Amino acid sequence: MLRLVINGRAAECREGSTLLDALQAAGARVPTLCHDTRLAPCGGCRLCLVHVRDQERPVAACTTPAIDGMEVETHTPEIEALRRTQLALLARGYPAEAVRRDPDKEFHAYLRQYELESELHRHADGGKLDTSHPYIHVDMSQCVTCYRCVRICDELQGQFAWRAWHRGDRTQMRPDGPSLLESSCVSCGACVDTCPTGAIEDRSRLDLGAATRWVRTTCPYCGTGCEMSVGTRDGHIVDVRPVADAPVSRGHLCVKGRYAFGFASAADRVTEPMIRRRDGWHAVSWDEAIGYVAGEFQRVRSQHGAGSVGVLGSARATNEDNYVAQKFARIVLDTNNVDCCARVCHAPSAAALSRMLGTGAATNSFDDVERARTILVWGANPTENHPIIGARIKRAARAGAQLIVVDPRRTELARYAACHLAPLPGTDVPLLAALAHTIVHEHLCDQSFLSARVDGLEPFVESLAVWTPERAAAVTGVDADLIRQAARLYATGAPSMSMHGLGLTEHVQGTDAVLALVNLALLTGNLGRPGSGVNPLRGQNNVQGAAQMGCDPSRLTGGTSLAAGHQRFGEIWQAALTDVTGLRLPDMLEAAIDGRFKALWAIGYDVLFTNPQASQTRRALAALDLLVVQDLFLTETVRELAHVFLPACSSFEKDGTFMNAERRIQRVRPAIQPAGQSRPDWAIICDVAKHMGQGGTFAYSNAEAIWDEVRRVWPDVAGISYARLEREGLRWPCPSEDHPGTDILHRDTFTHGTRARLEPIVFEPTPERVDAAFPFLLTTGRTLYQFNAGTMTGRTPNNVLRPTDVLEMAPADADRLALHEGDAVRLASRYGTATLPLRVAEGVKPGMLFATFHTREVFLNQVTGPNRDRATGAPEYKVTAVRVERVGPS
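Below: a short report on this structure. Just so you know, these numbers come straight off a predicted model, no measurement behind them.

Let us now look at the overall build of the protein. Tallying secondary structure elements over the protein gives 31 helices and 36 strands in all. In terms of overall dimensions, the protein is globule-like: its C-alpha atoms have a radius of gyration of 29 Å, near the 29 Å expected for 890 residues. Projected onto its principal axes, the C-alpha positions of the protein cover 85 × 70 × 65 Å. A buried classification covers 63% of the 890 residues belonging to the protein. Of all intrachain contacts in the protein linking residues separated by at least 6 positions in sequence, the fraction that spans at least 24 positions is 72%. Taken as a whole, the protein presents about 32400 Å² of accessible surface, with 48% of it coming from carbon and sulfur.

Moving on: the packing of aromatic side chains. The full count for this structure, using the stated rule, is 13 aromatic pairs. Both rings, one in Tyr323 and one in Trp573, keep their centres 6.1 Å apart while their planes meet at 70 degrees; by these two values the pair is edge-to-face. Of this pair, Tyr323 sits in helix H10 (residues 319-332) while Trp573 sits in helix H22 (residues 562-573), and the two are 250 residues apart along the sequence. Here Tyr323 matches Trp573 in class, with each residue buried. Ring centres 5.0 Å apart and planes at 65 degrees place the aromatic pair Trp714 and Trp732 in the edge-to-face group. Placement of Trp714 in the loop between helix H28 (703-713) and helix H29 (722-725) and of Trp732 in the loop between strand S29 (730-731) and strand S30 (756-757) is noted, with a sequence separation of 18 residues between them. As far as the burial class goes, Trp714 and Trp732 line up, both buried. Chaining the aromatic ring pairs together yields one cluster made of Tyr221, Phe263, Phe652 and Phe787. Above the ring of Trp165, the side-chain terminus of Arg174 is found at 4.9 Å from the ring centroid. One cation-aromatic arrangement involves Arg409 over Phe850; the distance from NZ or CZ to the ring centre is 3.5 Å.

What follows deals with the nonpolar core. By size, the foremost hydrophobic cluster in this structure holds 96 residues, and its most contacted members are Phe297, Phe328 and Trp601. The contacts of Phe297, once residues within four sequence positions are left out, are Val309, Gly310, Leu333, Ala599, Leu600, Trp601, Leu626, Val628 and Met692. Membership of the second largest hydrophobic core comes to 53 residues, among which are Leu421, Leu435, Val440 and Ala513.

On to the packing of helix H5 (residues 148-157) against helix H13 (residues 387-398). Relative to each other, H5 and H13 sit at 90 degrees, their axes nearing to 8 Å. On the basis of their axis angle, the class for H5 and H13 is roughly perpendicular. Two secondary-structure elements touch here, H5 through Asp154, Glu155, Leu156 and Gln157 and H13 through Ala391, Lys394, Arg395 and Arg398.

Turning our attention to the sheet that holds strand S5 (residues 71-73). Across the sheet, which stays open at both edges, the five strands sit in the order S2-S1-S5-S3-S4 with mixed pairing between neighbours. Across the chains shown, the open sheet's two edge strands, defined by having one partner strand only, are strand S2 (9-13) and strand S4 (59-60). Bridging between strand S3 (residues 49-52) and S5 involves two bridges; their strand directions are antiparallel. If you follow His51 over to S5, its bridge partner there is Glu73.

Our focus in this paragraph is the pairing of strand S35 (residues 848-852). For a regular strand, side chains alternate in direction, first toward one face of the sheet and then toward the other. With five of its five residues buried, S35 lies for the most part within the structure. In S35, alternate side chains face the same way, and those of Met848, Phe850 and Thr852 on one face and Leu849 and Ala851 on the other are all buried. Note: strand S31 (residues 776-781) against S35, five bridges, orientation parallel. By the bridge assignment for S35, Thr780 is matched with Ala851. Pairing geometry for strand S32 (residues 807-809) and S35, over three bridges, is antiparallel. Its bridge partner lying in S35, Leu807 is registered against Ala851.

Take the pattern of salt bridges next. Throughout the structure, instances matching the rule amount to 68 salt bridges. The salt bridge involving Arg258 is made with Asp193; its shortest N-O contact spans 2.7 Å. Taken together, the residues span a long stretch of sequence, with Arg258 in helix H8 (residues 255-259) and Asp193 in helix H6 (residues 190-194) at a distance of 65 residues. A salt bridge links Arg355 to Glu759, with the shortest nitrogen-to-oxygen separation between them at 2.9 Å. With Arg355 in helix H11 (residues 347-357) and Glu759 in the loop between S30 and S31, the pair connects residues that are 404 residues apart, well separated along the chain. Accessibility expressed as a relative area gives 49% for Arg355, which makes it partly exposed. Classification of Glu759 by relative accessible area gives buried; the value is 16%.

Glancing now at the layout of surface pockets. For the largest pocket, the calculated volume is near 980 Å³. Considering the residues around the largest pocket, the lining is formed by 37 residues, among which Glu384, Thr783, Arg802, Glu808 and Arg839 are closest to the centre. For the lining of the largest pocket, the secondary-structure elements that each account for two or more residues are helix H12 (382-385), helix H30 (798-801) and S35. For the lining of the largest pocket, the per-class residue count stands at 13 nonpolar, 13 polar and eleven charged. Contributing to the lining of the second largest pocket are 39 residues, with Ser354, Gly360, Gln548, Arg555 and Gly559 lying nearest its centre.

As a further point, take the sheet that holds strand S23 (residues 534-536). On the basis of which strands lie adjacent, the open sheet formed by five strands has the order S20-S19-S18-S22-S23 and parallel pairing. Of all the strands in the sheet, the pair left with one neighbour each is strand S20 (419-421) and S23. The sheet shows a mean angle of 15 degrees between the axes of neighbouring strands, taken without regard to direction.

Here we take up unusual backbone geometry. A cis amide bond links Ala494 with the next residue in sequence, Pro495, at an omega value of 0 degrees. Among the secondary structure elements, Pro495 is positioned in the loop between helix H18 (480-492) and strand S22 (496-500). The backbone of Tyr147 shows a phi angle near 70 degrees, a positive value even though the residue is not glycine. Inspection of the secondary structure puts Tyr147 in the loop between strand S7 (136-139) and H5. The phi dihedral of Asp334 is positive, around 60 degrees, even though this residue is not glycine.

For the rest of this paragraph, the subject is the environment of Gln666. The topology assignment puts Gln666 in strand S28 (residues 664-668). Counting along the chain gives 312 residues from Gln666 to Ser354, while the straight-line C-alpha distance between them is 23 Å. Setting aside residues no more than four positions away along its own chain, Gln666 makes contact with Thr218, Gly225, Glu227, Gly656, Thr657, Phe658 and Gly729. Here the side chain of Gln666 touches Gly225 through a polar contact of 2.9 Å, landing on its backbone oxygen.

Thresholds applied
- Residues numbered from 1 in each chain as written.
- Predicted model: local features only at pLDDT ≥ 70, side-chain atom pairs only at ≥ 80, totals over all residues.
- Heavy atoms only, no water.
- Helix = DSSP H or I, 4+ residues; strand = E, 2+ residues; numbered from the N terminus.
- Rg over C-alpha atoms; globule rule 2.2 N^0.38 Å.
- Buried < 20%, exposed > 50% of the residue type's maximum accessible area, 1.4 Å probe, protein only.
- Contact = heavy atoms within 4.5 Å.
- Areas by Shrake-Rupley, 256 points an atom, 1.4 Å probe, with all protein chains shown as cover.
- Phe/Tyr/Trp six-rings, centres within 6.5 Å; stacked < 30°, edge-to-face > 60°.
- Lys NZ or Arg CZ within 6 Å of the ring centre and 35° of its normal.
- Core = buried A, V, L, I, M, F, W, Y, C linked by side-chain atoms within 4.5 Å.
- Axes fitted to C-alpha atoms, helices over the stretch in contact; angles between N-to-C directions.
- Parallel < 35°, antiparallel > 145°, perpendicular 65-115°, else oblique.
- Pairing = 2+ DSSP bridges.
- Salt bridge = Lys/Arg side-chain N within 4 Å of Asp/Glu carboxyl O.
- 1 Å grid on protein atoms, 1.4 Å probe; cavity = no way out; pocket = protein on both sides within 12 Å on 5 of 7 lines; lining within 4 Å.
- Points joined across faces, edges and corners; volume = space filled by probe spheres on them.
- Nonpolar A, V, L, I, M, F, W, Y, C, P; charged D, E, K, R; others polar.
- Polar contact = N/O pair within 3.5 Å; in protein donor to acceptor, adjacent residues only side chain to side chain.

Bear in mind that shape data such as this cannot, by itself, settle questions of function.
Right, here's the structure in full:
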């Protein structure tokens, strides 16, 4: 610790602190106008000037390192006069109305403190307004040229949308387009957070008023696990802000987490139970709905057996909700027919990682992004789908990390990449084999790691013999020299970290592809160390948690196999459990068509809209005797096919925990009261269980009681209590309350033993082929402004930023077909059709197409096909042969 004297009093601060850090720690507050803890200090505003003994002139506290023995004075008459003069210059021409309207803004508080209200200008300059953006209001008559908007857009988000135009007293801060809406802004709101005056402000704050109460919780969108402060006023959400000390998001949010909260109060939110009768939907009491669901499940199970019923957990629900859902299936329904949407996304990741390393989850943490020298991003588009992690990867690349991007499209991260490999969809396995071939044959393996911790090298090397970069180039479309370059970079640029998405897993060889990715990490020793590992980017806020809680037909809570755990779980639950593997979601649908599966309870899951080959999904769900959907809205599944609708709380209205992609468990806290008669998912399930004679086993008083039971059945989270989570989220394994949690798995040994075995992989191409009738390959994915089925974002002003799904096509293909930007086109496959607008996109290769799947009117999954990962049943959303027909101008 450094010792200083501040205003005549002894103070201490840590090595590496700035003088401003030391002042703040000592409670000696000085004005700062250009400072933000998320930014590198710049000393531009000169308001934090202080006097340091033996220094000839005042120094800027934010840029001056603290030195042992410093003696500092913060408010001498000379310093205060300098501050007042500087503030007076800024006050001239500044609108007095802005200060009256929002007196607590940082700059406004300084004006009052230094009694400068008389210097203010009477009226604002209306010519400096920009009201184009649905979320952000811009009034540059309030700009004091602190440059914070420019710097935070550059340094934190890496977008460079805000720019300083002109020089001297003509300097203006403006976006890089005609308006903010038409600029490169990605609507993260960081400029709003940092603006000290309100020149850049949230429209919700202006329209609805400032929040009067704040609650810290976790974002309900992707699997990054950003923490947020939810601001409410009169019982309604009016604002969301990032949490400055959040370990994952570090004071940052994306457009969805920051602004797309309006779904919770959407006009079409359904908040009372309903049963469909012959003449349509009827609102009923909770007692009637619970009794009906319980009675119908009992009837179906009695008539057709326990194998005819099942439950789907929800990636949007809490860990506690999902734990109760799978327990209900296993105890009350006496079946392991329980699954969740992890089946259709990262089930291949969990299967491959579990098989090779013993734990089906990320090996490392997001903090390793900054520790890695090389980052391999495979089949993922983090700047759109995991934007906070995407921004961190961009910052790492600008700081010198080497980036390898593997994606058929030229994504934003590809622009930062040392190597961009663009394989044909469905050819990841041969590309991975060629990378491994290069590493082995150029003697780039980590021999000490292989000797100490890896088996199976000889047969693995033999399996690679045929996969020279030249052969792989012929299959994948990636140049052989580029394959070698990427292999050398990954192998020699250690520590190397891989992060992969659904572009790797949603294939017929999805599990094999992840096995092959783990092979690369084993060959090069990139496991069990900082800045390395194999890390799936999970798509939804709690998809990792839903599977870990046991919403899986072959595994209990914690990933415990049925064979290994059914007796122990049965003893804890005081129930006899079957060890017969249940049906996965696609198996349930096939069995429904065959007449063997009769009743399904789908929690927070729009199965019809999101499953591939919608015609077959519709046929399966229509064959059910009972379809219960528990959600916030009348989804496509509900509108067309459900028999019962049960209204659930949103995550803003309930208590519990989420688990993010790095195994971190974090608290979810209610910010507003439940809408109407909506209830927490777990409470609804418990009432049905009680009605079916199992009330004692489901007698939970609150979410914490459920979590405490999870801690009993799953030793890896035994040390993670709600009390500890009040302080910070924790990553499992965390076996005891004095354990700090685990940031990196497999440091010294693997979960299943001391050594891992390399897996030879045989390439088995997808049966989906292009031909004269279907000459294009379609791949699908998400976009920044919408989320999955659009259930949440589709009910917010995000629709202004992304009104509809579009079909992206290479310019050469558009020219050949005489198609133009905005044309309405019909996309036809062997399985169905969809109509959507065309976007001519430079990042798409000729012969390929890309489309998102968020818009109900488009319903893209009418086009996708039946092929599935051979190991887990995950659908092959990424490869569909299609043709494109012009319908007319959009």
